[in-house]
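Architecture at a glance
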Amino acid sequence: MDIIFSDCTVRFGARTALHPLSLRIEGRRVGVIGLNGSGKTTVARLINGLTLPSGGRVTVNGIDIATEPERARLEAGFVFQNPQNQLIMPIVSEDIIFGLKARGTKNAEAEARMAATLRRFGIENLEKRRVYELSGGEMQLAAMASVSALSPRILILDEPTNQLDIKNRRLVLNAIDKMDEDAVVITHDLDFALRLPRLLLFHEGRLVADGAPEETIAHYRKVAGC
Ligand SMILES: Nc1ncnc2c1ncn2[C@@H]1O[C@H](COP(=O)(O)OP(=O)(O)OP(=O)(O)O)[C@@H](O)[C@H]1O
Ligand SMILES: [Mg+2]
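Structural notes, computed from the coordinates. (Residues numbered from 1 in each chain as written. Chains lettered and ligands numbered in written order. Predicted model: local features only at pLDDT ≥ 70, side-chain atom pairs only at ≥ 80, totals over all residues. Heavy atoms only, no water.)

1. Description of the overall build of the protein chain
The test is simple: A run of DSSP states H or I qualifies as a helix once it reaches four residues; a run of E qualifies as a strand once it reaches two. Both are numbered from the N-terminal end. Radius of gyration means the value over C-alpha atoms here, while the globule rule gives 2.2 Å times the residue count to the 0.38 power. Accessibility here uses a 1.4 Å probe with only protein chains present; expressed as a share of the type maximum, an area under 20% marks a residue as buried, one over 50% as exposed, and anything in between as partly exposed. The method behind every accessible area is Shrake-Rupley, applied with a 1.4 Å probe, and residues are considered shielded solely by the protein chains displayed.
A count of helical and extended segments in the protein chain gives eight helices and 10 strands. At 17 Å, the protein chain has a C-alpha radius of gyration in line with the 17 Å of a compact globule built from 226 residues. Reported as C-alpha extents along the three principal axes, the dimensions of the protein chain are approximately 50 × 40 × 30 Å. In the protein chain, which comprises 226 residues, the proportion classed as buried is 50%. Summed over all atoms, the accessible surface of the protein chain reaches about 10,900 Å², with 49% contributed by carbon and sulfur.

Listed below in structure tokens is the structure:
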């Protein structure tokens, strides 16, 4: 992936959620950490044009998210912090097929891609399950599969192991390890963050550390005072 933030700011009314950010994200896996409200989700939403910059520019694999938001969304798929907000159809397979058809995929092709994606994530057993009956881990995997089925080159995962028990956490982390897509992963899971090659720290809307996970986490403990 090649994501470039050039002097990018985000303001919500009088509140500045992101101070001028210049940053290039390359490689297969990058993590983002920081306290609640530090700007992580704001940065993630910029990557696929869900939030537009108040100033500056963001490009994703060469696509400007402000001028070509539709293409940016195809390039980078976003898995929400709360996957139940993402899965809109009642049955897992229907949700995946709905997304594919909305992008013009024909019936037979959509069915085949749905089945292949469930296999890829190891959740064929969830195909006919009702979304509201899924456990947290199953819901997270279904949401990731639903976005991945649309073949983005980058997946942005916003706290994928949030609220998961030790077993579901393992399932989701294994799925992330195996994914073909490049990924930007926002997380409060520092054990997982330690395994990433590069880790960014946001604090009060500013990028304050960027490097090896051990160093970024040490910086995090300092700014958090614990
Ligand atoms: N749509 C919005 N309108 C107004 N303020 C917003 C909006 N979205 C985010 N903010 C504010 O911007 C700041 C950064 O929020 P953001 O959601 O990026 O934080 P975060 O680091 O993802 O936090 P968390 O760990 O709690 O998910 C917060 O102060 C938040 O209240
Ligand atoms: Mg967030």
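2. Here we look at the packing of aromatic side chains
Note on aromatic pairs: each is described by the distance of the centres and the angle between the planes. Let me state the cut-off plainly: Put simply, two rings from Phe, Tyr or Trp (the six-membered ring, in Trp's case) pair if the centres are within 6.5 Å, and we call them stacked under 30 degrees between planes, edge-to-face over 60, tilted for the rest.
Taken as a whole, this structure holds one aromatic pair when the rule is applied. Measuring from ring centre to ring centre gives 5.2 Å for Phe-78 and Phe-80, while their planes differ by 70°; the resulting arrangement is edge-to-face. Judged by relative accessible area, which is 6%, Phe-78 ranks as buried.

3. Details of the environment of Arg-169
The condition is simple: The contact rule is simple, with two residues in contact once any of their heavy atoms fall within 4.5 Å.
For Arg-169, the location among the structural elements is in helix α6 (residues 166–178). Considered as a pair, Arg-169 and Gly-137 are 32 residues apart in the sequence and their alpha carbons are 6.9 Å apart. Apart from residues no more than four positions distant in its own chain, Arg-169 is found in contact with Thr-161, Leu-164, Asp-189, Asp-191 and Phe-192.

4. A closer look at the site of ligand 1
Stated precisely, the cut-off is as follows: Any residue with a heavy atom lying within 4 Å of a molecule or strand is counted as near it. In the analysis that follows, any N or O atom pair within 3.5 Å is treated as a polar contact, provided that within protein one partner can donate a hydrogen and the other can accept it, and provided that, for residues neighboring in sequence, both atoms belong to side chains. Amino acid classes used here: Ala, Val, Leu, Ile, Met, Phe, Trp, Tyr, Cys and Pro are nonpolar; Asp, Glu, Lys and Arg are charged; the rest, including Gly, are polar.
Around ligand 1 there are 14 residues in total, and Gly-37, Lys-40, Thr-41, Thr-42 and Gln-81 lie nearest to it. Take Arg-15: an N or O atom from its side chain is 3.5 Å from an oxygen atom of ligand 1. In the model, an oxygen atom of ligand 1 is placed 2.7 Å from a nitrogen or oxygen of the Lys-40 side chain. When ligand 1 is considered free in solution it has 640 Å² of accessible area, and contact with the protein chains removes 64% of it. For the shell around ligand 1, the elements supplying multiple residues, two or more each, are β2 (15–26) and α1 (40–47). A per-class count over the shell around ligand 1 returns three nonpolar, eight polar and three charged.

5. Considerations on the coordination of the magnesium ion (ligand 2)
To keep things clear, this is the line we draw: Donor atoms (N, O, S) are those found within 2.8 Å of the metal centre, with the cutoff raised to 3.2 Å for Na, K and Ca; water is not part of the atom list, so apparent gaps in a site can occur.
Donor atoms from the polypeptide that coordinate the magnesium ion (ligand 2) comprise Thr-41 (OG1) and Gln-81 (OE1), at 2.0 to 2.6 Å from the metal. With Thr-41 in helix α1 and Gln-81 in the loop between β6 (76–79) and α3 (92–102), the pair connects residues that are 40 residues apart, well separated along the chain. A residue is classified by how much of its surface remains accessible, and Thr-41, at 26% relative accessible area, is partly exposed. Gln-81 sits in the partly exposed class, given a relative accessible area of 29%.

6. Re the side chain of His-203
Examined against the element boundaries, His-203 turns out to sit in strand β9 (residues 199–203). For His-203, a relative accessible area of 17% translates into the label buried. Setting aside chain neighbours within four positions, we find His-203 in contact with Leu-35, Ser-38, Val-208 and Val-223.

7. Focus: α6
The criterion, for reference: Expected helix span is given by 1.5 Å per residue-to-residue step, counting one fewer step than there are residues. It is the directions from the helix axis to the C-beta atoms that the arc portrays.
Over its 13 residues, α6 extends 18 Å from the first C-alpha to the last, a length consistent with the 18 Å expected when each residue adds 1.5 Å. Of all the positions in α6, only Asn-168, Val-172, Leu-173, Ala-175 and Ile-176 are classed as buried. Buried residues of α6, seen end-on, are gathered within an arc of 155° and therefore sit on one face of the element. Relative to its buried face, α6 has exposed residues pointing more than 90 degrees away, namely Ile-166, Lys-167, Arg-170 and Lys-178. Where the residues of α6 are buried, they touch β3 (29–33), α5 (136–148), β7 (154–158) and α7 (190–193). The backbone nitrogen of Lys-167 has a side-chain oxygen 3.0 Å away, supplied by the residue at the start of α6, namely Asp-165.

8. Observations concerning the pairing of strand β4 (residues 55–60)
The following threshold applies: Any two strands between which DSSP finds at least two bridges are classified as paired.
Where strand β1 (residues 2–12) meets β4, five bridges bridge the pair, whose relative direction is antiparallel. In the strand pairing of β4, Ser-6 is matched with Arg-57. Strand direction decides the pairing type here: β4 and strand β5 (residues 63–64), joined by two bridges, are antiparallel. Among the inter-strand pairings, Val-60 is bridged to a residue of β5, identified as Ile-63.

By themselves, these are just geometric observations and shouldn't be taken as functional.
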